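Residue strings, one per chain:
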Amino acid sequence: MAWFKRDRKPIAAPAEKSSRVPEGTWVKCPECGQAIFNKDLAANLHVCPKCAYHFRLGSIDRLRSLFDDEEWVEHDAGLRSTDPLSFIDTKPYTQRLKAGAKATGMLDAVVCATGRIDGIETSVAAMEYSFIGGSMGVVVGEKITRAIERAIPARQPVVIVSCSGGARMMEGILSLMQMAKVSAALARLSQARLPYISVLTDPTTGGVTASYAMLGDVNVAEPKALIGFAGPRVIEQTIRQTLPEGFQRSEFLLAHGMLDLVVDRREMKATIGRLLHLFMDDATPVRAASAVAAAEPAPSVV
Ligand SMILES: [Zn+2]
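Residues numbered from 1 in each chain as written. Predicted model: local features only at pLDDT ≥ 70, side-chain atom pairs only at ≥ 80, totals over all residues. Heavy atoms only, no water.

Colleague: Looking at this structure, how should I read the overall build of the chain?
Modeller: From N to C terminus, the chain includes 10 helices and nine strands. Split into buried and exposed, the 302 residues of the chain put 41% on the buried side. By sequence separation, contacts in the chain at least 24 residues apart represent 67% of the contacts at least 6 residues apart. Surface summary for the chain: the accessible area is close to 17,200 Å², and the carbon and sulfur share equals 56%. (Helix = DSSP H or I, 4+ residues; strand = E, 2+ residues; numbered from the N terminus. Buried < 20%, exposed > 50% of the residue type's maximum accessible area, 1.4 Å probe, protein only. Contact = heavy atoms within 4.5 Å. Areas by Shrake-Rupley, 256 points an atom, 1.4 Å probe, with all protein chains shown as cover.)

Colleague: For this particular structure, what's the right way to read the confidence of the model for the chain?
Modeller: Note that predicted coordinates carrying low pLDDT should not be read in detail. Per-residue confidence for the chain gives a mean pLDDT of 91; residues scoring 70 or more make up 87%. Ignoring residues within four places in sequence, the model shows residues 283-288, a span with pLDDT below 50, making 10 contacts including any to other chains. (pLDDT = per-residue confidence, 0-100.)

Colleague: Just checking my understanding: could you explain the pattern of salt bridges for this structure?
Modeller: Pairing is possible between side chains that carry opposite charge, provided their charged atoms lie close to one another. Under the definition given, this model contains 16 salt bridges. Where K224 meets E31, a salt bridge forms, and the shortest distance between an N and an O atom there is 3.0 Å. Here the residue K224 occupies a position in the loop between β8 (218-221) and α7 (232-239), and E31 occupies one in the loop between β1 (26-28) and β2 (35-37), the gap between them amounting to 193 residues. The class of K224 is partly exposed, set by a relative accessible area of 49%. Its relative accessible area of 44% is what places E31 among the partly exposed residues. Between D108 and R168 there is a salt bridge, with its nearest N and O atoms 2.7 Å apart. One end of the pair, D108, is in the loop between α3 (93-104) and β4 (110-117); the other, R168, is in the loop between β6 (158-164) and α5 (172-191), and 60 residues separate them in sequence. Each member of the pair, D108 together with R168, is buried. (Salt bridge = Lys/Arg side-chain N within 4 Å of Asp/Glu carboxyl O.)

Colleague: Can you help me understand the nonpolar core in this one?
Modeller: The tendency in soluble globular proteins is for nonpolar side chains to be buried side by side. Judged by nonpolar contacts, the single largest core of 35 residues is most densely connected at V140, I144, I148, I160, L189 and Y212. Residue assignment for this core shows that the elements contributing at least two residues are α3, β4, β5 (120-127), α4 (138-154), β6, α5 and β7 (196-204). If you look at the next biggest cluster of nonpolar residues, it comprises 22 residues, including V111, V124, V220 and V263. (Core = buried A, V, L, I, M, F, W, Y, C linked by side-chain atoms within 4.5 Å.)

Colleague: I'm lost on α4 in this one. Help?
Modeller: Since there are 3.6 residues in each turn of an α-helix, residues three or four apart along the chain are aligned in direction. For α4, spanning 17 residues, the distance from its first C-alpha to its last is 24 Å, which sits close to the expected 24 Å at 1.5 Å a residue. Residues V139, V140, G141, K143, I144, T145, A147, I148 and A151 constitute the buried set of α4. Those residues of α4 that are buried lie in contact with β3 (73-75), β4, β5, β6 and α5. Following α4 by one or two positions, R155 has its phi on the positive side, about 55 degrees. (Expected span 1.5 Å × (residues − 1).)

Colleague: Sorry, what's going on with the packing of helix α2 (residues 59-66) against helix α9 (residues 265-280) here?
Modeller: Two quantities define a packed helix pair, namely the angle between the axes and the distance from one axis to the other. One way to put it is that α2 packs onto α9 with a least axis distance of 9 Å and a crossing angle of 55 degrees. On the basis of the axis angle, α2 is oblique to α9. Contacts from R62, S65 and L66 of α2 reach α9 at R265, M268, K269 and I272. In terms of residue class, the contact of α2 with α9 is made up of three nonpolar, one polar and three charged. (Axes fitted to C-alpha atoms, helices over the stretch in contact; angles between N-to-C directions. Parallel < 35°, antiparallel > 145°, perpendicular 65-115°, else oblique. Nonpolar A, V, L, I, M, F, W, Y, C, P; charged D, E, K, R; others polar.)

Have a look at this one:
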């Protein structure tokens, strides 16, 4: 039962004025207000040509932006959630799954594929925010784990592009278990001396941040992406302090040592390609920067 009952009717929203411009032709940049032709925006990898605001990118467009010749082989596309808890909140979970599938043409919130990035065969997982907020349930965890396990015998590096609200509450503890499962697979990848590059995009939060998104040998983020565990409001209420400007955004996290790079999406493929060559071209076994730091004594400061 609600605590308060509204007696009066809520104020109605003003009726939308009809526009003569066909819907979906132009997009207004939320940052600078520039009207951008949809085709131009797509050609610019969904980055505002005027102010470089990064619009959210779908998983398929993401793969297109990363793989050479826009070619890849998709894996495990047929995996779907079974609604193990028969979960119902404001509507049944099965209905949410159906709506997500209808909106995206996918069965869950990640696409896993292998293809070449700058000539290097790579196992890539790209998350899809339009599917229940890119939340990580059993299927997402399993598909990403398989993408990592596929890479190990094939001696391929792994790239995971995160875009997620966190664990999928409709699958309860089963979704939380994916954090450990994916992290364990990444540990095996590391033991096999294969690199993992984590790409954090807006938003990367909750259980995804708390597991694989932050475990990259190199953690790369897109500009101004929201990256955090709990939301700023929850933190403010907990610590009873006002949070600083730009808190939980890529640039702030880079300045505080949580990220290695902040890279414009238009430079992302070239940057990842360079990193992969750095790790993979050398005949000697790959050692991640963190492993090197752990193995070697810190230089003494005089
Ligand atoms: Zn703009």
